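Listed below, chain by chain, are the residues.
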Amino acid sequence: MAEERRQKQCSVVLPTESMKAMAESVGVGQLQEESCVALSEEVSYRIKEIAQDALKFMHHGKRRKLTTSDIDNALKLKNVEPLYGFQSQEFIPFRFASGGGRELHFYEEKEVDLSDIINTPLPRVPLDVSLKAHWLSIEGVQPSIPENPPPAPKEQQKAESTEPLKVVKPGQEEEGTIQGKSQGATAPDGKGQYLEKGLIRLKPRSTHELSVEQQLYYKEITEACVGSCEAKRAEALQSIATDPGLYQMLPRFSTFISEGVRVNVVQNNLALLIYLMRMVKALMDNPTLYLEKYLHELIPAVVTCIVSKQLCLRPDVDNHWALRDFAARLMAQSCKTFSTTTNNIQSRITKTFTKSWLDDKTQWTTRYGCIAGLAELGPDVIKTLILPRLAVEGARIKAVMEGPVVSNIDKIGADHVQSLLLKHCASVIAKIRPQPDNVEQYRTDYGYLGPMLCSHVMKARTQAALQAQQVNRTTLTITQVHLILRKIYLDKSVVVRKLCNELFSYHCSTSSLQYHLNVKHVAVSTRANVGYDSPGTGK
Amino acid sequence: MAAVQSGMGEGVEEKDIKTEPASDGFGNNNANDGRLVSTSPGSNAPAASNKPVAGGPPEDQQTLLAVLQFLRKNKLTESVEILRREAGLPEDDLDPNGADSSGAGTGGAAGSVDSDAGDASSLLTRVTVSSSAAAQAPTKAAAGEDQPDVSVVLSAYSQQGDPALYEVYYSSLKRFIETVLDCHRAELSQVFYPLFVHMYLELVYNNHENEAKAFFEKFSGDQECYYEDDLRVLSSLTKKEHMRGNETLLDFRTSKFVLRISRDSYQLLKRHLQERQNNQIWNIIQEHLYIDIFDGMPRSKSQIDAMSGSLAGEAKREANKAKVYYGLLKEPEIELPLDDEDEEAENEEGKPKKKKPKKDSMGSKSKKQDPNAPSQSRIPLPELKDSDKLDKIMYMKEATKRIRLGPDNLPSICFYSFLNAYQGLTAVDFTDDSSLIAGGFADSTVRVWSVTPKKLRKVKSAADLNLIDKESDDVLERIMDEKTASESKILYGHSGPVYGISFSPDRNYLLSSSEDGTVRLWSLQTFTCLVGYKGHNYPVWDTHFSPHGYYFVSGGHDRVARLWATDHYQPLRMFSGHLADITCTRFHPNSNYLATGSSDRTIRLWDVLNGNCVRIFTGHKGPIHALAFSPNGKFLASGATDGRVLLWDIGHGLMVGELKGHTDTIYSLRFSRDGEILASGSMDNTVRLWDAMKAFDDLETDDFTAATGHIHLQDNSQELLLGTYLTKSTPVIHLHFTRRNLLLAAGAYNP
């Protein structure tokens, strides 16, 4: 039992410099070193004592966070007058700064123009305490409702899919049986428990039976997603993106999507393909789902939508390019989220794209898809894979554009490929290529596309300069906010809090962050699972 | 209410003055009684009469002398007189003896008195201001003239040992214990921690700061991990000056650390120390430790670990020997209006259902008085009013519809989330019939919600009440003011966070205890404060109404639990003995006992009748935050910050189970109405259900176990765990089974 624990606490004492600084601040100069040492030891001891008492108040306040009021109460116990002016509930307004070998904690107080405060409209009053009831469990089974946490937390889903061996280790075994029970897989009875344990170990842990309600939900959702009513579809997608209880339905959704793509590609039904891709997007956006287990179905479907030769009935008129772009973005997103050294998704996908791109016989549509797919993977991929091939590709485009008219479709394809290349490459080149931009130089480097690239790069440069100015003015732009919201798999409340913190630190009133949250983001302070796109995001 | 009160008061007063026989086993307890007497003169007379009369064990006499000395010093001559008369002491043996006894440092009791008197920041100031009569005491005592007394307590540490040798002594003992036979090693290892602490304190006391630090560095890692919190306190204490007023230290000094060691092991240790002439250690063992020697097999490591962990070691075996009447009181006979029930249960299913409960209730009535139950009038209880009888009838009706719970039949859980509480929710309680819910908040308010469609209404004002026809049948309806109907009411009055809250069984009153040191009684008819009970001068952590109403208990930072009656502004009983804050309080279902849990990691069971501590349960490794009696009164469940639930057999005074699973502080525990299921709610955002029937069925309470108190705990928590229900970032701070066995849980949502 005697475990190795180094008790560092015993030596932690305030530095004597602090004593000096404090003495000076109350008008005592020239404090002797000895008295400083004595003082700092005494003060450290008292502070520890008070902290220990404050912990008591925290425990009885049923909190995990020690607040300033706990310290006040602890001081009161000792018959010491509490510190005034630190009434914040959430965080202590000290800032840390270091530099020149000195580390400082300071209390940030900014000058505020009174007229600004007077002129701002009064904020809404914080909401009053209210009581809300829900079913945590019904006869031993926890219902999947927004008020309850998702049945299988994301970490567990991840652990299941990435480390399947760990699941049956003794420590987690019991959890498995409980889950099996709570999902109503088998009626648990005292004797059967051991048996059940054995069973659980053999069969996959997620049960594949859906309750009647879930079946109904599945039917409604899938119908709405591919149906004709756009409002209904938006609602359904919103539900997929936010509902915490979809874990069990995930295999169904995944099969639905992959089968759907398979059928509709053959039938060239562009609209349905777009709907299905939006479903994929919604699934990926759901913070409670971990899709890794179903990538083998989803990735082929998505890739199909990127590179398929034909996606619509009238390739010359319909905008199937947008679908390819959208799917390519999805692909890039899943690469970012799920690619690991074991599954190598990103490199495998990259290889696939490059291979078909390099093939001379490839159609323009597929060519477009491959390039889009690669380009979305990031500037590094563009730099290493696309830029070296610009000249070759340029020649190919030139052949179509300036050569004899083969077919209208080819021409449109080449045109799209050209603008795609220009769009993606310009920003990358702007970053890696030193100024000045010389048209001739570009022509020698990139061939046919050179001159056009040159003008695009110049445009990109001026835009970047403009943007830099804007970024200086506001910490975050709307697009960035949304990007962060989409990218980061964090609880929304955390994100909103962070963003607002940024905004507030700019608006020089950090202390009212919590207040702002309470007022403006009621959703965040009351309910966690509100969709990303809800108006609560505000800014 | 009024009718009850007038009759009640006298009975209680009478009991107050009853003299209790001396009980040898409670040296510790008596010591603390002494403290009580000395520090709150207001309650002197009744408390003092609890003292054993002269001729008791010498330790008690010393305590008395010390008390007298203290009183005299503070010029409380009247109290001195009274106490001396009570104890039958001659006047002349006061002065010299008193001083000596405390100087020798033998009686922990004398020490405690002195230490209290000593430092302004210690216990004294807490209690002295407690009553009006005490007003004169604190000013003088706190002035610091008693400083020498603290030195007297601590002077026991002023031993002239070579500080450098401490490490040698300790490591030689360590080597010895590591080489003894396996069966003795676990037992002897128990002495490490108290020895370590006392040696460290000795070093600090004698100003060997560096040696003390080195000693701590070297050996603190060897101590059991559950002492970590105390070690942290200890580690910050490096100067003699700090020792004054440090409560943890005073506790250690004033109460002997209790160890249970088998005779063989003890002999082994004794022989070793005497051979080696290791007087330093031997002295500490003699002076500061209480070794409870038993005959028989030495205990195993796991047996020891199960019981240790408290601030002052295990409970002495004698401490848990007193007889406890844990049985339930006979239910008053109430005529069940049968017609009513027939109307209610018209469907075919109703018939078999109806029959069963009647049989049950008949059975319980025809049964002779349970031998383990206290006599009906052991504690004067309020008489049932008509409304109470109606409520009992309601209760029985509901009981017939109760769901039988079991492993195959888990209860549904309805969760009440407090939204927008901003981390401010500190206490919750439900009424027994689950119609009201009350919350205590950090902003000093108490809020009451109605969870049924029936809204909360105030009684009309006096002027309006005059206009009412008092003869009408629905007079109770008419007195309510419809204009005030609302779903919730806010009660303002406290000036600090409200930490404890409890409804009276008849739903007419609500108690709340707060950081401001008061307990307040609120009327749920008028929604105003009726009484502020002042007595605790420090935060009151918890309060609980007796299941029969009228009495309630409160406990807080001043380490004293108080028993009150609603119509007395002063406490009827004061229960002192805990070495740290009392964190939670619960009444036994028969109202004759109450349990208190404390930060000293013990649970004590107190007899309401005579104020004696009848059980001390040790085994938790952290402050206890939840207690629950089983409905049959036989068992107690307790939950602590260590995330474990421990189950106790009250009759035998034994630990009978350990439920592991929670990962954070357990704030609420509740047995289902029939005692089949135990629900626990924790800071880790889960509600867990445990098979209580099975936990208590598996008991091996043979005579040997009962006699020695050596328990073998099976590690079967996983088998007993029936379900875990995760909430969405909502710590579970209260649980309640409705009369039909639906589980209600409550907590504040913290996004």
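Residues numbered from 1 in each chain as written. Chains lettered and ligands numbered in written order. Predicted model: local features only at pLDDT ≥ 70, side-chain atom pairs only at ≥ 80, totals over all residues. Heavy atoms only, no water.

Taking an unreviewed UniProt entry as the reference, chain B is identified by name as Transcription initiation factor TFIID subunit 5 belonging to Amphiprion ocellaris. Entered under Subcellular location (unreviewed entry) in the UniProt record, the comment concerning chain B runs "Nucleus". Under the Sequence similarities (unreviewed entry) heading, UniProt states for chain B: "Belongs to the WD repeat TAF5 family." (UniProt positions renumbered as here; feature names shortened; annotations may be inferred.)

The name an unreviewed UniProt entry assigns to chain A is Transcription initiation factor TFIID subunit 6, from the organism Amphiprion ocellaris.

A.B. asks: If you had to explain the overall build of chain A to someone new, which residues and values would you point to?
C.D. replies: Assigned secondary structure in chain A consists of 24 helices and three strands. Counting all 539 residues of chain A, 42% fall into the buried class. Contacts spanning at least 24 positions in sequence make up 62% of the contacts within chain A whose residues lie at least 6 apart. A total of about 29,900 Å² of accessible surface is found on chain A, and carbon and sulfur atoms cover 59% of it. (Helix = DSSP H or I, 4+ residues; strand = E, 2+ residues; numbered from the N terminus. Buried < 20%, exposed > 50% of the residue type's maximum accessible area, 1.4 Å probe, protein only. Contact = heavy atoms within 4.5 Å. Areas by Shrake-Rupley, 256 points an atom, 1.4 Å probe, with all protein chains shown as cover.)

A.B. asks: Before we move on, can you summarise the sheet that holds strand S27 (residues 677–682) of chain B with the specific residues and values?
C.D. replies: All names here are of chain B. Spatial ordering of the open sheet is given by S26-S27-S28-S29, a layout of four strands whose pairing is antiparallel. Of all the strands in the sheet, the pair left with one neighbour each is strand S26 (666–671) and strand S29 (721–726). The mean angle between the axes of side-by-side strands here comes to 15 degrees, regardless of whether they run parallel or antiparallel. Across five bridges, S27 lies against strand S28 (residues 686–691) in antiparallel orientation. (Pairing = 2+ DSSP bridges. Axes fitted to C-alpha atoms, helices over the stretch in contact; angles between N-to-C directions.)

A.B. asks: Please provide a residue-by-residue account of a nonpolar patch on the surface, values included.
C.D. replies: Judged by side-chain polarity, Val112, Leu114, Ile117 and Ile118 of chain A come together as a nonpolar surface patch covering roughly 420 Å² of accessible area. On the accessibility criterion, Leu114 of chain A (60% relative accessible area) is exposed. (Patch = residues over 30% accessible without salt bridge, like charges linked within 9 Å, V, L, I, M, F, W, Y side chains within 5 Å. Salt bridge = Lys/Arg side-chain N within 4 Å of Asp/Glu carboxyl O.)

A.B. asks: Kindly report on the interface of chain B and chain A, identifying the contributing residues and their values.
C.D. replies: Counting residues at the interface gives 79 residues for chain B, matched by 63 residues for chain A. Carbon and sulfur atoms make up 53% of the surface buried where chain B meets chain A, a total of about 6,600 Å² over both sides. Between chain B and chain A we count four salt bridges in total. Between Arg447 of chain B and Asp128 of chain A there is a salt bridge whose closest N-O contact spans 3.2 Å. At the surface where chain B touches chain A, the tally comes to 16 residue pairs in polar contact (both at pLDDT 80 or more). The dominant element in the side of chain B that touches chain A, judged by the number of residues it contributes, is strand S3 (residues 413–419) of chain B, at seven residues. Taken together, the residues of the side of chain B that touches chain A sort by class into 37 nonpolar, 23 polar and 19 charged. Sheet topology note: the strand S3 (residues 130–137) of chain A/S3 of chain B ladder contains seven bridges and is antiparallel. (Buried area = accessible area lost by both parts, 1.4 Å probe. Polar contact = N/O pair within 3.5 Å; in protein donor to acceptor, adjacent residues only side chain to side chain. Nonpolar A, V, L, I, M, F, W, Y, C, P; charged D, E, K, R; others polar.)

A.B. asks: Please provide a residue-by-residue account of the packing of aromatic side chains, values included.
C.D. replies: Counted according to the given criterion, the structure contains 32 aromatic pairs over all chains. Judged by centre distance (4.7 Å) and plane angle (70 degrees), the ring pair of Trp321 of chain A and Tyr368 of chain A falls under edge-to-face. Of this pair, Trp321 of chain A sits in helix H13 (residues 320–338) while Tyr368 of chain A is found in helix H15 (residues 364–376), placing the two residues 47 residues apart along the sequence. Overall, the relative accessible area of 5% leaves Trp321 of chain A in the buried class. Using a relative accessible area of 4% as the deciding quantity, one classes Tyr368 of chain A as buried. Ring geometry for Phe196 of chain B against Phe216 of chain B: centres 5.6 Å apart, planes inclined by 50 degrees, an arrangement best described as tilted. Remark: Phe216 of chain B occurs in helix H14 (residues 209–219) and Phe196 of chain B occurs in helix H13 (residues 192–205); sequence separation between them is 20 residues. Among the residues examined, Phe196 of chain B registers a relative accessible area of 0% and is labelled buried. Residue Phe216 of chain B is classed as buried on the basis of its relative accessible area, which comes to 0%. (Phe/Tyr/Trp six-rings, centres within 6.5 Å; stacked < 30°, edge-to-face > 60°.)

A.B. asks: Give a description of the UniProt feature "repeat: WD" (unreviewed entry) in chain B that names residues and reports values.
C.D. replies: Residues and elements named next belong to chain B. This chain's UniProt record puts "repeat: WD" (unreviewed entry) on residues 418–459, 491–526, 533–574, 575–616, 617–650 and 659–691. Span residues 491–526 is 0% helix and 53% strand, its end C-alpha atoms 10 Å apart. Helix and strand shares over residues 617–650 are 0% and 59% respectively, and the end C-alpha atoms of the span are 9 Å apart.

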